[in-house]
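Geometric and topological summary
The primary structure of each chain is shown beneath.
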Amino acid sequence: MLSKKVARFEQSVCAACGACVKECPRSAVAIFKGCYAAVAAEQCVGCGKCAKICPTGCIVIEERRNEDEN
Ligand code: SF4
Ligand code: SF4
């Protein structure tokens, strides 16, 4: 069962520092092409650890929308 919350990443302000990748307990985040972080939404449990550690504030925890479940 998917969590009610999910992390969303504003990739345009991501510094690709990798802090969220290290912090995520579910290994749900990866740095895509060395440029920005992207989340595997089905693995994310919405815990918010990535958002707390991100130095650029580009991660928001929000309600999971229906399209995330597809
Ligand atoms: S909210 Fe938690 S599970 Fe989801 S990507 Fe961030 S650290 Fe990982
Ligand atoms: S912690 Fe923030 S700036 Fe660093 S890779 Fe993750 S989303 Fe990008």
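Coordinates for the structure precede this section.
Being a predicted model, the structure only gives us computed values, none of them experimental. (Residues numbered from 1 in each chain as written. Chains lettered and ligands numbered in written order. Predicted model: local features only at pLDDT ≥ 70, side-chain atom pairs only at ≥ 80, totals over all residues. Heavy atoms only, no water.)

1. Focus: the site of ligand 2
Taken together, 15 residues lie near ligand 2, and Cys-14, Ala-15, Cys-17, Cys-20 and Cys-54 sit nearest. For the shell around ligand 2, the per-class residue count stands at 13 nonpolar, two polar and no charged. (Near = heavy atom within 4 Å. Nonpolar A, V, L, I, M, F, W, Y, C, P; charged D, E, K, R; others polar.)

2. Let's talk about the packing of aromatic side chains
Taken as a whole and judged by the stated rule, the model has one aromatic pair. With a centroid separation of 5.6 Å and 45° between ring planes, the pair formed by Phe-32 and Tyr-36 is classed as tilted. With relative accessibility at 26%, the residue Tyr-36 sits in the partly exposed group. (Phe/Tyr/Trp six-rings, centres within 6.5 Å; stacked < 30°, edge-to-face > 60°. Buried < 20%, exposed > 50% of the residue type's maximum accessible area, 1.4 Å probe, protein only.)

3. With respect to the side chain of Ser-3
Relative to the helices and strands, Ser-3 is located in the segment before strand E1 (5–9). Overall, the relative accessible area of 18% leaves Ser-3 in the buried class. Here the side chain of Ser-3 touches Cys-44 through a polar contact of 3.3 Å, landing on its backbone oxygen. Ignoring anything within four residues of it in the chain, the contact list for Ser-3 reads Cys-44, Val-45, Gly-46 and Arg-64. (Helix = DSSP H or I, 4+ residues; strand = E, 2+ residues; numbered from the N terminus. Polar contact = N/O pair within 3.5 Å; in protein donor to acceptor, adjacent residues only side chain to side chain. Contact = heavy atoms within 4.5 Å.)

4. Overview of the pattern of salt bridges
Evaluated as defined, the whole model comprises two salt bridges. As a salt-bridge pair, Glu-63 and Lys-5 come within 2.9 Å of each other at their nearest N and O atoms. Taken as a pair, Glu-63 in strand E4 (residues 59–63) and Lys-5 in strand E1 lie far apart in primary sequence, 58 residues in all. Here Arg-8 ties to Glu-62 by a salt bridge, and the two come within 2.2 Å at their closest N and O atoms. Here Glu-62 lies in strand E4 and Arg-8 lies in strand E1, a separation of 54 residues in the sequence. (Salt bridge = Lys/Arg side-chain N within 4 Å of Asp/Glu carboxyl O.)

5. Side note on the environment of Tyr-36
You can see Tyr-36 is positioned in strand E3 (residues 36–39). Along the backbone, Tyr-36 and Gly-18 are 18 residues apart, and their C-alpha atoms lie at a distance of 8.8 Å. Among all residues touching Tyr-36, those that are not within four sequence positions of it are Gln-11, Cys-14, Ala-16, Ala-30 and Ile-31.

Remember, this is a structural readout, not a statement about activity or role.
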